[in-house]
Amino acid sequence: MVLAEFYKTAQRILKDVVHLKPEEELVVAYDSRTPHEIMDVFRQVGIAMGSPTTSVTFPKPPLTGKGAWPRATLPRATLEALRSADAIVGAGVTYAEGVGDVIAAGHRMISPGMGPQMDEILVRTVGEPDIFKLRDEANRIAELWTDAKEVKITSKEGTNVTIDKSGYPAFPVNGFLDEGELWDTLPPAQPGTQDYIQLSGTFVFDGFVAFQSPEVGWQVPNQPIVVNVEEGEVTDISGDKVLVPLLKTHLNGFRDPSVFRGPVHINLGTNSNARLSKHQEMERVRGIIDCGWADNSVLSKFMGKHTKSRVNTAPTHWDMLMLRPSVFLDSKQLVKDGEILTDALK
Ligand SMILES: [Fe+2]
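Residues numbered from 1 in each chain as written. Predicted model: local features only at pLDDT ≥ 70, side-chain atom pairs only at ≥ 80, totals over all residues.

### As for the environment of A48
Next up, step 1: Structurally, A48 can be placed in helix α2 (residues 36-48).
Next up, step 2: C-beta crowding within 10 Å serves as the criterion here: with 13 such atoms nearby, A48 is assigned to the partly exposed category.
Next up, step 3: Counting along the chain gives 288 residues from A48 to K336, while the straight-line C-alpha distance between them is 45 Å. (Helix = DSSP H or I, 4+ residues; strand = E, 2+ residues; numbered from the N terminus. Buried ≥ 20, exposed ≤ 12 C-beta atoms within 10 Å, placed from the backbone.)

### Considering the sheet that holds strand β5 (residues 150-155)
Adjacent strands of a sheet pair through backbone hydrogen bonds, lying either parallel or antiparallel.
Next up, step 1: The strand order across the open sheet formed by 8 strands is β14-β13-β10-β6-β5-β18-β19-β20, and the pairing between neighbours is antiparallel. Unpaired on one side and paired on the other, β14 (233-239) and β20 (339-340) mark the two borders of the sheet.
Next up, step 2: Summarising the sheet, β5 and strand β6 (residues 160-164) pair through 5 bridges and their orientation is antiparallel. Within the sheet, the bridge partner assigned to K152 lies in β6 and is T162.
Next up, step 3: Where helix α7 (residues 243-252) meets the sheet, its contacts fall on β13 (225-230) and β14, and the angle it forms with β14 comes to roughly 150 degrees. (Pairing = 2+ DSSP bridges. Contact = placed C-beta atoms within 7 Å. Axes fitted to C-alpha atoms, helices over the stretch in contact; angles between N-to-C directions.)

### Considerations on the domain arrangement of the protein
Next up, step 1: The assigned domain composition of the protein is domain 1 (6-127) and domain 2 (131-345).
Next up, step 2: Between domain 1 and domain 2, the C-alpha centre-to-centre distance is 24 Å.
Next up, step 3: Between domain 1 and domain 2, the residue contacts involve 28 residues of the former and 32 residues of the latter.
Next up, step 4: Only α1 (6-17), α4 (99-104), β4 (108-111) and α5 (118-127) provide two or more residues apiece to the side of domain 1 that touches domain 2. (Domains from an automatic or database assignment.)

Structure, rendered in structure tokens:
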């Protein structure tokens, strides 16, 4: 049963976010983790908007979730369908082999998340809020973040890191495919840096821990997790008695130092309607900071603005959230204990 309101939300996504034109070919691509009934609403809306629309489904990868390795391998016919699309709604395809090349070749894609709660999550976080205001705000935060010479992140839990901003632009990650942008994810928004930043300092995470392992997937730690970093190399992970051993075992299992590099992205969630439910929604909770670690080579193809030195190629990707950060852009405070100070955006 799909929420009745989801039809309007899907309309908003295709019309205002994807900017779908009647003459454009739309492909709706998804695997078995997302119910057919939900994805079919995108197909119905595409057809109603006058767009020739095709749905393609494919088997889910053997391991699932972000950073899953081995990555999904799409059937050749599925990739061909993506290559012939003007616009793509892709649920569960972002990390599949070859999709980054499809996007880099000029086919635009929105990633709406995946799973049986997708309709409820998108109605709440895209259909209900003023997403145009969220877009403007994310653009403004990215502008201020880019202009700052130094970005400092602290927390009462013990985070203390400073990003020397020289050479690291910020991206709005506002959820919209505006002005030639080829890829983004929903819900909005998550402005911040998308580069491998070689800083030194201490991060303390008390929100979600997300990494690919059969035991964990993603969970909130009972005790904060402390990650110490020296010039972009993780030197120590300590804290939560359950999750830290699992994370270390998982990462050590790769026998590859690249999985201990990072952060490879630092983003500020801005969506008041987002909850700590699941990826991707949990990364957009207003006022949290999401840090990504290990691989950013897959997503760098989607972002398209990176130099090689700011990309880390690794066989997995993991994320951690801090719930009540404070963020300073030079001397201006942007976030205080998890609250975005909107006066700072003027
Ligand atoms: Fe990430």
